[in-house]
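Secondary and tertiary structure notes
The residues making up each chain are set out below.
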Amino acid sequence: MDDFDVRGLVQPMRVALQVTCINDALYPDTGRNVVRLLRRLGVDVEFPAAQTCCGQPMVNTGYINEAVPVLRTFVDAFAGYDAVVTPSGSCAGSVRHQHAIVSARAGDPLLAERSADLAPRVFELSEFIVDVLGVIDVGAWFPHTVAYHPTCHSLRMLGVGDRPTKLLEAVEGLTLLPLSEAEECCGFGGTFAVKNAGTSVAIGEDKVRNVLATGADVLVAGDRSCLTHIGGLLDRQRSGVRVMHLADVLAQTRPPGGGRR
Amino acid sequence: MSARADIIGDVRRALAGAPPAPVIERNYLAPSTASTGEVIERFIERVADYQAVVERCDANEVAKRIARAIPQEGAVVVPAGLSWQVPGAVEDTGLSARELDAVHAVVTAATAGIAETGTILLQHGEAEGRRALSLVPDLHVCVIREDQIFAGVPEVMSQLDPRRPTTWISGPSATSDIELIRVEGVHGPRTLHVIVVGT
Amino acid sequence: MTGTFVGMPAFPAAARDALDNAQLRANLDHATSTIRAKRAAVVGELEQWEALRIAGAAIKDDVLLRLDDHLLTLESALQDAGAVVHWARDAAEACRIVAEVARAHEADEVVKVKSMVTQEIGLNEALAAEGIAAWETDLAELIVQLGDDLPSHILVPAIHRNRSEVREIFLREMPDAPPGLTDDPARLAEAARMHLREKFLRAKVAVSGANFAVAETGTLVVVESEGNGRMCLTLPDVLVSVVGIEKVVPSWRDLEVFLQLLPRSSTGERMNPYTSTWSGVTAGDGPQEVHVVLLDNGRTRALADEIGRQALRCIRCSACLNACPVYERVGGHAYGSVYPGPIGAILNPLLRGVGSSDQVDSLPYASTLCGACYEVCPVLIDIPSVLVNLRAQVVDAHRSGLPKAEAVAMKTARATLSSSWRLALAERFTRIGLGAARRFGASAWTRSRDLPEAPQESFRKWWRRTGGRP
Ligand code: SF4
């Protein structure tokens, strides 16, 4: 892997990280792990400091007007890049499916054009690694049992398919355990988790039951928002199961000296 | 304003500025590669799947098979145009619903069949009888010729006259309304007996 | 007789009650998972399934986008076939028409085929007020009617009841129930057969809906399982069918698409036991007086919604209910309508109008936007997108009033998220915010879920400090 280097292409590719608002504020380690991983894969990822959020929290709550300036900020921050990588199926999905709605609402053809131009260059992390970099084995080492929750937006809105599990299966030392009813929603749903907290928790508890039944040490997903919900339930139950973002796992390498299997 | 004018007016207002209607692509029409024999066999297998009784015979055996299918005792009714003799059966002369309720079995022909779904279709002509006939008695014996069986739903549509009443029958009447457990036999015939006749 | 949905609490409150009912949740879990598995098996059998869905959606879009033409074609084809066509702007008008037909024949009772639309218009209650009894003849509807209950599923209205509850209802409410009735579903179905047979034989007037109405030929279609539909459509002298104006399909041949999509999506069967089609009056066969009531009742309102109009493609298969994680936990009653589940969450606001009540306005939020409904919908209704659009309408409808806490939060978020420096400033308070949430606990989030630990510094701050090179 080490000799793979996209900078060796004719035109150096400028790649930006859209870290997402939740990772920025609550899970900076996940953002750091994306940087570490991509650098290891030869991508000199940049962090455009002007970025904020994709606007999804507002759109999904019905505040589309409020999302218009957020979209402007998004487009301004990322327009100059060849590719934008985001460690979230949900945010990538929002870019591809909701930004057109927001710009239509704004009645701003220029914004619509710029965001339509940008959207196809925004990739969820596993899409970027598998499709753009053409890599499956990222050279990671993670000697644990893992269950993978596909998350609805990665699975259905974005259609990332088996890219994340392919990446996980290639990790040295990692044992991927099958999660039953994996494709079922975890019950998070953004503001649903608060507006309909009881239902959200009831759905989440079934997810937790299935996770615990795998016996895995770690639950992995490609979206920190779902993991906050599932992890919150797992922690409340003192289950001992950790939740980790896909990037957190893929960034791990065998420590100098070999490490313990 | 009449309700009719109001509704049509509201429809037109609702559609002001709407895009044109789409082109309908019928890419679902996959030509069937199954042989005639396979189609008949699939039909039989799928009718049986619904817990219907299904048997296959030659044309000269039909009368015998019918005689075996109907009960020893109890009244049997047949439509006027049925081409097979049914011993002891009365011909339908416009029996009332109550009179039909006292009848145990009915023997009818079919208009067509669908292999993919195990369905028989009645268009209620002379040989199939009017709708009530194949509904009220508890046993329905239906005789279908092999050349009346088509591979799938699209193939059968063009064989039907939309202006005739049509009944699509896939197995005996059934319900899954209690705990999703399938129970055969509610209001329609509780037993469906299909005789497939070679041609 | 049967309960009514009027005055139902908003979704979150109704859902809370449902979640507390362990029996209900067990019944729902069993029913939805059974039917999901059956559907998946028979859908998997058809290679051309996706092509069928695309065709189904296109045919229905053609219907909706030229609805005026199709309705006029349908009207004249029905009249040519000997049917009397009525038009009803709303529920009251439709109920009045049905009652007048019944009265003209001096009928004090009608037998009914299970139909969503007659429930939508509250026909049974309206007829009762006129002294006309309406007998539901579908087994599940009968259970609901005898139990003075509300339907909770489009296809299996008594999905919330298990066999022993059904037995109790029958023994209590059915005078002719066999004394030794057990809770075996076959025995229960038999009891219903005996109970209803006499009603079928004596009924003069029947009322139905229709799954489809073929414009070109004036053919109505009823898809069913038990044969109660055939009884109603065949034995009485007079038949009144109430048909939503969106039920039109252009031509006879279009049925080949829907009669493949519907049974597989709905009951998970290759074909339902019985489908009846009829065009007006057939001499010597079935009802000799046939009425068709074409009903608007909010459909033209829904049609005017550019994004929402796709909801009118719905063929009421209920696959979206069975696939929905929210429906599976709370059941149908929480939606406060005969149309529950994901389709109900969009159809009710579209038919009744956003802003018409708090209950209606709560429905677009009754979803995690997981997209499972869209994935199974046989006519490709993008329910998540319609939900999001309706949420925006709900927000807009409330913009003028006193701002809710949520609106204030969103305005603040708008300001914060429009500029990175304001966001950086706000992030300094992450720790304080999370700490406060944890200390004051018992919020909607923390009642059952822990909150994450706040990090020492935000990602943005780390990048500024290190340039991304640790
Ligand atoms: S919205 Fe789609 S899936 Fe749901 S009931 Fe209607 S047709 Fe079926």
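Residues numbered from 1 in each chain as written. Chains lettered and ligands numbered in written order. Predicted model: local features only at pLDDT ≥ 70, side-chain atom pairs only at ≥ 80, totals over all residues. Heavy atoms only, no water.

The name given to chain B in an unreviewed UniProt entry is Lactate utilization protein C, with the source organism recorded as Nocardioides currus.

Some details on the overall build of chain C
The number of helices and strands found in chain C is 23 helices and 10 strands. Expected size for 470 residues packed as a compact globule is a radius of gyration near 23 Å; at 25 Å, chain C falls within 12% of this value. Its C-alpha atoms give chain C principal-axis dimensions of about 90 × 55 × 50 Å. For chain C, long-range pairs separated by at least 24 residues make up 74% of all intrachain contacts whose partners lie at least 6 apart in sequence. Each charge sign in chain C was given a centre, from 52 positive and 58 negative side chains, and these centres are 12 Å apart. (Helix = DSSP H or I, 4+ residues; strand = E, 2+ residues; numbered from the N terminus. Rg over C-alpha atoms; globule rule 2.2 N^0.38 Å. Contact = heavy atoms within 4.5 Å. Lys, Arg positive; Asp, Glu negative; His and termini not counted. Charge placed at Lys NZ, Arg CZ, Asp CG, Glu CD.)

Focus on the sheet that holds strand 9 (residues 166-169) of chain B
Backbone hydrogen bonds are what pair the strands of a sheet, in a parallel or an antiparallel way. The eight strands lie next to each other as 8(B)-5(B)-6(B)-9(B)-9(C)-6(C)-5(C)-8(C), forming an open sheet whose pairing is mixed. Both outer strands of the open sheet, strand 8 (149-150) of chain B together with strand 8 (248-249) of chain C, are each paired with one neighbouring strand and no more. Pairing geometry for strand 6 (residues 119-122) of chain B and strand 9 of chain B, over three bridges, is antiparallel. Bridged to Ile120(B) within strand 9 of chain B is Ile169(B). Of the strands in this sheet, strand 9 of chain B together with strand 5 (212-214), strand 6 (219-224), strand 8 and strand 9 (274-279) of chain C touch helix 12 (residues 255-266) of chain C, which is tilted by about 170° from strand 5 of chain C. (Pairing = 2+ DSSP bridges. Axes fitted to C-alpha atoms, helices over the stretch in contact; angles between N-to-C directions.)

What to know about the pattern of salt bridges
Scanning the entire structure with this criterion turns up 70 salt bridges over all chains. The shortest N-O distance in the salt bridge between Asp162(A) and Lys166(A) comes to 3.8 Å. Judged by relative accessible area, which is 41%, Asp162(A) ranks as partly exposed. Residue Arg399(C) is joined to Asp396(C) by a salt bridge in which the shortest nitrogen-to-oxygen separation is 2.7 Å. Salt bridges here are not isolated pairs; linked through shared partners, they connect Arg42(B), Glu45(B), Arg46(B), Asp49(B), Glu116(B), Glu45(C), Arg264(C) and Arg270(C). (Salt bridge = Lys/Arg side-chain N within 4 Å of Asp/Glu carboxyl O. Buried < 20%, exposed > 50% of the residue type's maximum accessible area, 1.4 Å probe, protein only.)

Topic: the nonpolar core
Burial of nonpolar side chains together is a common tendency in soluble globular proteins. Grouped together as the largest cluster of nonpolar side chains are 195 residues, with contacts concentrated most on Phe170(C), Phe212(C) and Ile346(C). Per-element accounting of this core gives the leading share, nine residues, to helix 4 (residues 64-78) of chain A. Those residues within four positions of Phe212(C) in sequence are excluded, and the remaining contacts are Thr219(C), Leu220(C), Val221(C), Val223(C), Lys247(C), Val249(C), Leu255(C), Phe258(C), Leu259(C), Leu262(C) and Ile315(C). Core analysis: the second largest hydrophobic core is formed by 40 residues, Val19(A), Val34(A), Ala83(A) and Leu167(A) among them. (Core = buried A, V, L, I, M, F, W, Y, C linked by side-chain atoms within 4.5 Å.)

Some words on the sheet that holds strand 1 (residues 84-88) of chain C
Across the sheet, six strands lie side by side as 1-10-7-4-2-3 (chain C); this open sheet has parallel pairing. Whereas interior strands pair on both sides, the edge strands pair on one side only; in this sheet they are strand 1 and strand 3 (133-136) of chain C. The average undirected angle you get between the axes of adjacent strands in this sheet is 25°. Sitting on the sheet, helix 1 (residues 3-14) of chain B touches strand 1 and strand 10 (289-295) of chain C, and the angle it makes with strand 1 of chain C is about 60°.

Focus on the interface of chain A and chain C
How big an interface is tends to be reported as the loss of accessible area on association of its parts. Tallying the contact residues gives 64 residues for chain A and 60 residues for chain C. Run the count over chain A and chain C and you get 10 salt bridges. For Glu375(C), the salt bridge goes to Arg156(A), with nearest N and O atoms at 3.4 Å. The interface formed by chain A and chain C contains 26 residue pairs in polar contact (both at pLDDT 80 or more). (Polar contact = N/O pair within 3.5 Å; in protein donor to acceptor, adjacent residues only side chain to side chain.)

A look at the interface of chain C and chain B
Of the residues lining the interface, 94 residues belong to chain C; the matching set on chain B comes to 72 residues. Between chain C and chain B the total buried area reaches about 7200 Å² when both faces are included, carbon and sulfur atoms providing 60% of it. At the junction of chain C with chain B, the criterion picks out 14 salt bridges. As a salt-bridge pair, Glu116(B) and Arg264(C) come within 3.6 Å of each other at their nearest N and O atoms. Counting every contact that joins chain C to chain B gives 34 residue pairs in polar contact (both at pLDDT 80 or more). In terms of residue class, the side of chain C that touches chain B is made up of 46 nonpolar, 21 polar and 27 charged. (Buried area = accessible area lost by both parts, 1.4 Å probe. Nonpolar A, V, L, I, M, F, W, Y, C, P; charged D, E, K, R; others polar.)

Focus: helix 9 (residues 163-173) of chain C
Residue and element names in this part refer to chain C. Three or more residues of helix 9 are buried, namely Glu-165, Val-166, Ile-169 and Phe-170. An end-on view of helix 9 places all buried positions within 135° of arc, on one side of the element. Here the buried face of helix 9 lies against helix 2 (22-45), helix 8 (139-146) and helix 10 (185-202). (Arc of directions from axis to C-beta.)

A few points about the domain arrangement of chain C
Split into domains, chain C comes out as domain 1 (61-299) and domain 2 (405-466). Taking only C-alpha atoms into account, the centre of domain 1 of chain C sits 54 Å from that of domain 2 of chain C. (Domains from an automatic or database assignment.)

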